[in-house]
Amino acid sequence: MATLGNPQETIAVLKKYGFSFRKKYGQNFLIDTHVLDRIVEAAEIGPEDTVLEIGPGIGTMTQYLAENAGQVVAVEIDDALIPILDDTLSAYDNVEVIHEDILKVDLQALAREKNQDKPFKVVANLPYYITTPILMGLFESKVPLKSVTVMVQKEVAERMQAGPGTKDYGALSLAVQYYAEAGIVAHVPPHCFMPRPNVGSAVIKLTLHEIPPVVTKDEDFLFKIIRAAFNQRRKTLCNALANAGLTGLSKEEIGQILQQMNLSENIRGEALTLAEFADLTGRIIQQRKA
Ligand code: SAM
């Protein structure tokens, strides 16, 4: 039975080890059993699953995951938490804690060594200061994934689901769309954490596409174009791309391509759909070859 997930037990563990929270590691531990149940339920964790947890903290969610999953691999950066995890997870023989920075872990090697290259389900209450690098790292590593169910800052969850023409729409929205189907599972108020964060939170589930919704010959280049378009989001797409100097084409040439796509030369990147970005990328590649 999971023993953590309430304020009393969390305080008892923290006191026992004289643990002090480190703000720099985005430490806000979950102290609400309903939220923990909801996350595990949304992630649809069963005995056939291997879960990759990022930032187990004192092991609260890890206990819930271990109760339900076949195997849990948890990656934690903070030295001070390692002896605590040894203790709080001692009853589970299906959990392995890896003391590492998730941004430095070779995810492909991890999948090979710990899960015979079968897909992981990622579940985490993420350290908010590195939400985007963690998610982009997971996607771009091409590590086999079934789903990613994570607690993030509420505004970031909204950005992930945003569509063209909205203020929240950006490179992250397009990356999420390219790789996954996104759905907000729950909104979580600050009092469900210790210490309380200054922002609202949401659990979002990303279910990976088996086939990407658009076809591109060069995924890397597609995302370079997308990032360049949003790096200067107040500028027209032509200017933003010409200034980024990554296409090898002039502003006029990019304008002509947009016209061929029946788009205005003055359009901004924030108005383009993922399919239009993919089309634009293909045409730029074609023109560079010509
Ligand atoms: N899972 C725990 C919970 O829900 O109570 C803790 C979540 S807390 C929001 C984020 C956790 O990520 C902390 O334990 C923190 O030390 C860890 N962390 C921060 N940066 C990390 C990194 N680069 N790699 C691995 N873990 C990290």
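The following refers to the structure shown. Just so you know, these numbers come straight off a predicted model, no measurement behind them.

1. Some remarks on unusual backbone geometry
One can expect most non-glycine residues to show negative phi and most peptide bonds to be in trans. Here the amide bond leading from Met-194 into Pro-195 is cis, since omega sits at -15 degrees, within 30 degrees of zero. Secondary-structure assignment places Pro-195 in the loop between strand S8 (193–194) and strand S9 (201–208). Unlike most non-glycine residues, Gln-116 shows phi in positive territory, near 45 degrees. Even without a glycine there, the phi angle at Asp-117 is positive, about 65 degrees. In this structure, Asp-117 sits in the loop between helix H5 (107–115) and strand S5 (120–125).

2. Some remarks on the pattern of salt bridges
Summed over the entire model, instances satisfying the criterion amount to 12 salt bridges. Salt-bridge contacts for Glu-41 lead to Arg-38; the nearest nitrogen and oxygen are separated by 2.6 Å. You can see Glu-41 and its partner Arg-38 sitting in helix H2 (residues 33–42), three residues apart, about one turn around the helix. With relative accessibility at 51%, the residue Glu-41 sits in the exposed group.

3. A look at the site of the ligand
The ligand sits among 23 residues. The nearest are Gly-55, Glu-76, Asp-101, Asn-125 and Tyr-129. A distance of 2.9 Å separates an oxygen atom of the ligand from a polar atom in the backbone of Leu-30. For the ligand, a nitrogen atom lies 3.4 Å from a polar atom in the side chain of Glu-53. For the ligand, whose accessible area on its own is 590 Å², the fraction buried by protein is 99%. Judged by its atoms lying within 2 Å of the grid points, the ligand is housed in the largest pocket. Secondary-structure elements contributing two or more residues to the shell around the ligand are strand S1 (29–30) and strand S3 (71–76).

Criteria and thresholds
- Residues numbered from 1 in each chain as written.
- Predicted model: local features only at pLDDT ≥ 70, side-chain atom pairs only at ≥ 80, totals over all residues.
- Heavy atoms only, no water.
- Helix = DSSP H or I, 4+ residues; strand = E, 2+ residues; numbered from the N terminus.
- Salt bridge = Lys/Arg side-chain N within 4 Å of Asp/Glu carboxyl O.
- Buried < 20%, exposed > 50% of the residue type's maximum accessible area, 1.4 Å probe, protein only.
- Near = heavy atom within 4 Å.
- Polar contact = N/O pair within 3.5 Å; in protein donor to acceptor, adjacent residues only side chain to side chain.
- Areas by Shrake-Rupley, 256 points an atom, 1.4 Å probe, with all protein chains shown as cover.
- 1 Å grid on protein atoms, 1.4 Å probe; cavity = no way out; pocket = protein on both sides within 12 Å on 5 of 7 lines; lining within 4 Å.
- Sits in = over half its atoms within 2 Å of the grid points.

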